[in-house]
Protein chains: 2
Amino acid sequence: MDIALIGIGKIAVDQHVPAIAASSDWELAATVSRAGTVDGVDAYTDFDVLLAERPEIRVISLCLPPVPRFEYASKALKAGRHVMLEKPPGATLSECHALEAMAKAKGVSLYATWHSREADKVAAAKDWLSDKTLKSFRVTWKEDVRRWHPGQDWIFEAGGLGVFDPGINALSIVTKILPDAIHLTASTLLFPQNRQAPIAAELKFFHPGGADVSAVFDFRQEGEQTWAIEAVCEEGTMLLTHGGAQMFVDGVAQGATETGLHGEYPRLYANMAALVRAGGIDMDLSPMRHVADAFLLGRRETVVPFEF
Amino acid sequence: MDIALIGIGKIAVDQHVPAIAASSDWELAATVSRAGTVDGVDAYTDFDVLLAERPEIRVISLCLPPVPRFEYASKALKAGRHVMLEKPPGATLSECHALEAMAKAKGVSLYATWHSREADKVAAAKDWLSDKTLKSFRVTWKEDVRRWHPGQDWIFEAGGLGVFDPGINALSIVTKILPDAIHLTASTLLFPQNRQAPIAAELKFFHPGGADVSAVFDFRQEGEQTWAIEAVCEEGTMLLTHGGAQMFVDGVAQGATETGLHGEYPRLYANMAALVRAGGIDMDLSPMRHVADAFLLGRRETVVPFEF
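Before going into details, it helps to say that this report is about the structure given with it. (Residues numbered from 1 in each chain as written. Chains lettered and ligands numbered in written order. Predicted model: local features only at pLDDT ≥ 70, side-chain atom pairs only at ≥ 80, totals over all residues. Heavy atoms only, no water.)

1. Structural notes on the nonpolar core
Generally speaking, a soluble globular protein has its nonpolar side chains buried in company with each other. With 173 residues, the main nonpolar core has F137, F164 and F217 of chain A together with F137, F164 and F217 of chain B as its most contacted residues. Other than its neighbours up to four places away in sequence, F217 of chain B contacts V139, W141, V163, F164, G167, A170, L171, A200, A201 and L203 of chain B. (Core = buried A, V, L, I, M, F, W, Y, C linked by side-chain atoms within 4.5 Å. Buried < 20%, exposed > 50% of the residue type's maximum accessible area, 1.4 Å probe, protein only. Contact = heavy atoms within 4.5 Å.)

Below is the structure:
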């Protein structure tokens, strides 16, 4: 199937283009970007022109930042195209609901992707937890914003999510692997004195079985980086590390150990191919809802100014 | 039908008890409250005891504050009771989704009430707007927090919503009367230096028809209080005032002019009676989603400390 990729920035070049190239489902037929291009692929700068001139391209993948995404997604849906959205699926929950209503009205597919859910050991972690009795569940997502988002001031602007930009990846895994629905009961958000988005957060959740469920997100982590989830159950302890790429049960590694994102985007594109073939919408907003709840309930504390 | 009222505070005494007493649908069979009681009605202090001892009471109305509401609502739903929730339906969006899933699983009715939607002229405003071309839409909700919430420090605590406690009433009307779905594009939240919830907010929305849609909420309004919505359309201007109790088209009052809440709660209880009879769930979270979006996108500004 022909697909067009909109927004040729770092994530597109690093992940989307190679995943599409390696897939037998997809042919990258065009790109739309102000400046970015992909060698050998028709490059547009105006999305309206692409939609008008290339009716044979039925699928649009958007890897723009969240704020302009709604405008592009709604144009694509109104033009009867299937749409795939990078995470988070929008800047607000309400616009995501509006997109879902548009896709339903047009009878096209809409996929809100969560790449971390496709990390190598996430499915195994979900399987393992499915018949266990949870006692405690701790998410630790600590990375160095200077290393992963160098100079990206937008991430600390209002709506930029701050530490929830990576934190929402953790929440996308949590909401996939936990058998029971959780909800936030308290959150503390640390805002640098000169910034509009938090640099660190501590979250506590209600769990229907009474387990102690919590998360810590921190953008100030120098040295070793941690993207880990530990689930202590009556039957043993499961540890998911490297953002879901490695899994340990009672200290024993499960399956081959991998690092990095290499499996995530190919799986997203395979999921999108299956969704378009079957017809339907895959728009799970639960990770984003937890983030919105964290801002809604959050106790704000001011910390020292942050400069890149 | 027998109904039990949980949480006998100011709103219960002022609105819920008289609305139930005036209705031919309902019989107030019991109350649960730490201290409050209603003359001539069985008073419990322990909700578990009520659920166990009074199986004939099939409907529970909760007028507790939002934070403890989930625990009571989930107990009632698990015990197979129909549940009616004061606004907002919970402290987080995620817990509201969890309640909806529980109600579906149990096959009982769940009603997230929005009392301002039942103000006298809201239905007429919705009708009027249904075939108009909107140019601008301005919500002005300005009241004196010292007058309406004297000494209620909880309203300025994290999760207390601050000025969004009344503001969500405005948003419940907006989401009912506007024919098109809107979503937030920017918000500015003013936090008093010594408080965890905003005392004022300015919101801007995207409208699919390109209308200029905005809202201002302010808790610092002394003198005249304003709860108004002005819709400027190509065909004329509609003004809804007094929280939806009065309506004007091009300056001309529509229908009898009323003030106050007297029609709102009787209509909520009539809606609940119809919902229980028909079976089903009425859980529109759109007003609360806009509030969560406003916190998520909000640019925070610090203003002078506030003391009651």
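2. Section: the environment of R299 of chain B
Inspection of the secondary structure assignment puts R299 of chain B in strand β16 (residues 299-303). Separated by 98 residues in sequence, R299 of chain B and A201 of chain B place their C-alpha atoms 9.7 Å apart. Beyond its immediate stretch of four places on either side in the chain, R299 of chain B contacts A158 and Q196 of chain A together with S187, T188 and L189 of chain B. (Helix = DSSP H or I, 4+ residues; strand = E, 2+ residues; numbered from the N terminus.)

3. A short note on the sheet that holds strand β13 (residues 246-249) of chain B
All names here are of chain B. Judged by pairing direction, the sheet is mixed, and its nine strands sit side by side in the order β14-β13-β12-β11-β7-β10-β9-β8-β16 without closing on themselves. In the strand order of this sheet, the two ends are held by β14 (252-253) and β16, each with one partner. When strand β11 (residues 226-233) meets strand β12 (residues 236-241), the two strands line up antiparallel, connected through five bridges. Bridge assignment links I229 to a residue of β12, and that residue is L240. In the packing of helix α5 (residues 122-129) onto the sheet, contacts are made with β7 (134-142), β11, β12 and β13, and the angle to β12 comes to roughly 165 degrees. This element, helix α7 (residues 164-177), spans β7, β8 (183-192), β9 (200-206), β10 (212-218), β11 and β12 of the sheet and lies at about 155 degrees to β7. (Pairing = 2+ DSSP bridges. Axes fitted to C-alpha atoms, helices over the stretch in contact; angles between N-to-C directions.)

4. Overview of helix α8 (residues 264-278) of chain B
All names here are of chain B. Over its 15 residues, α8 runs 21 Å from end to end, which matches the ideal 21 Å to within 8%, given 1.5 Å per residue. Every buried residue belonging to α8 is among E264, Y265, L268, Y269, M272, A273, L275 and V276, and all of these are buried. Looking one or two residues beyond α8, the residue adopting positive phi is G279, at roughly 80 degrees. (Expected span 1.5 Å × (residues − 1).)

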